[in-house]
Amino acid sequence: LALEEGLRTALAEEQFVVHYQPLVEPQQNGIHAAEALLRWQRGSELVMPGAFIDVIENSDLVVPVGRWVIEAVLRQMRLWREAGLPEIRVSVNVSEPQITAGGLAETIAELLERYDIPARLLHIELIERVLLHDPKRALTELERLRALGIGIALDDFGTGYSSLSYLTQFPVDCLKIDRSFVNDLATDRRSGAIVRAILSMARNLDICAVAEGVEDIRQQRILAAEGCNLIQGYLISRPVSANTLMRLLEAQQ
Ligand code: G
Ligand code: G
Ligand code: MN
Ligand code: NA
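This one's a predicted model, so the numbers in the text were calculated from it and none came from an experiment.

Chemist: Quick one: what's the story with the nonpolar core, residue by residue and with numbers?
Modeler: V90, L175 and I177 are the most contacted members of the largest nonpolar core, which has 63 residues in total. Ranked by the residues each element gives to this core, the list is headed by strand β2 (residues 31-42), at six residues. Among all residues touching I177, those that are not within four sequence positions of it are F157, G158, V182, V195, I198, A209, V210, A211 and E212.

Okay, structure coming up:
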């Protein structure tokens, strides 16, 4: 409860910050996109979401904090554009209550308009479970988001319990292959087979494939050879502050 009160104060007093992890093509290092990741600047300590995201997701903070993250990202994208930086797409993690509460598409539409950011530059990331609990409701909300032009990515792909049939039912633009498979890609034959199967399925469904948790050059080489669209991980960059990402973007101009 003390943690929840701390988070309430964090929201009211602007103690949350967003960090960004770059996504690049596996053959080159140009930054195409970034994932927005929430942090809590509690005094001098930067608290990672593992320590608090569950509390947010299980409280009435989930919708307002979610909205805060989206607004912070769009405000930042506007600043990058005004600084003359190349356009990148940013993906934001969205949790189940944000989808089931309703109104997410309206909120995002209003914010896109306010900051004058094209919808195609925003993706949302969901885990498979979000689609399964109340599929009808999820489908309605995702179709609204899709109609705005926002992309939808399935996060931690391959770890869920769902059948693959939902890939034909839900408007999915991107599969983010869970880092557990990517980790063992170069050393475990079965993980390699799973990654190749996901990449092949994504290609055939015309869905973009992203590998998460790329930590070494062998993984990068395999993913490049197998046609993975984008990679993300410590090999490329850790999540960094908005200013650091800005410098990385400037450096590649
Ligand atoms: O940045 P880090 O690796 O510590 O993130 C840990 C987890 O927290 C990830 O699974 C990520 O999906 C989740 N997370 C990070 N930022 C957000 C956010 O803004 N909203 C939600 N719902 N989850 C987030
Ligand atoms: O669950 P989600 O994929 O949204 O979470 C992203 C999380 O993965 C972030 O907490 C981020 O810090 C972490 N992460 C990003 N790249 C790597 C990596 O190369 N290795 C590991 N172990 N974690 C990573
Ligand atoms: Mn994610
Ligand atoms: Na993930």
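Now that the structure is up, let's keep going.
Chemist: An account of the environment of A211 is requested, with residue identities and associated values reported.
Modeler: Position of A211 relative to the elements: it lies in strand β8 (residues 208-211). Accessibility expressed as a C-beta count within 10 Å gives 30 for A211, which makes it buried. Taking the C-alpha atoms as reference, A211 lies 9.5 Å from F157; in sequence the two are 54 residues apart. In this view, A211 contacts I177, V182, L223, C228 and I231; residues no more than four positions away in its chain are not counted.

Chemist: An account of the site of ligand 1 is requested, with residue identities and associated values reported.
Modeler: Surrounding ligand 1, one finds L37, L38, M48, P49, G50, I53, V69, N93, S95 and P239. Along the lines of polarity and charge, the residues of the shell around ligand 1 split into seven nonpolar, three polar and no charged.

Chemist: Describe the site of ligand 2, naming the residues involved and giving the relevant values.
Modeler: Every one of the 13 residues lining ligand 2 counts as a neighbour, but N93, G213, E215, G233 and Y234 are closest to it. A breakdown of the residues in the shell around ligand 2 according to their chemical character gives four nonpolar, four polar and five charged.

Calculation criteria
Residues numbered from 1 in each chain as written. Chains lettered and ligands numbered in written order. Predicted model: local features only at pLDDT ≥ 70, side-chain atom pairs only at ≥ 80, totals over all residues. Core = buried A, V, L, I, M, F, W, Y, C linked by C-beta atoms within 7 Å. Buried ≥ 20, exposed ≤ 12 C-beta atoms within 10 Å, placed from the backbone. Helix = DSSP H or I, 4+ residues; strand = E, 2+ residues; numbered from the N terminus. Contact = placed C-beta atoms within 7 Å. Near = placed C-beta within 6 Å. Nonpolar A, V, L, I, M, F, W, Y, C, P; charged D, E, K, R; others polar.

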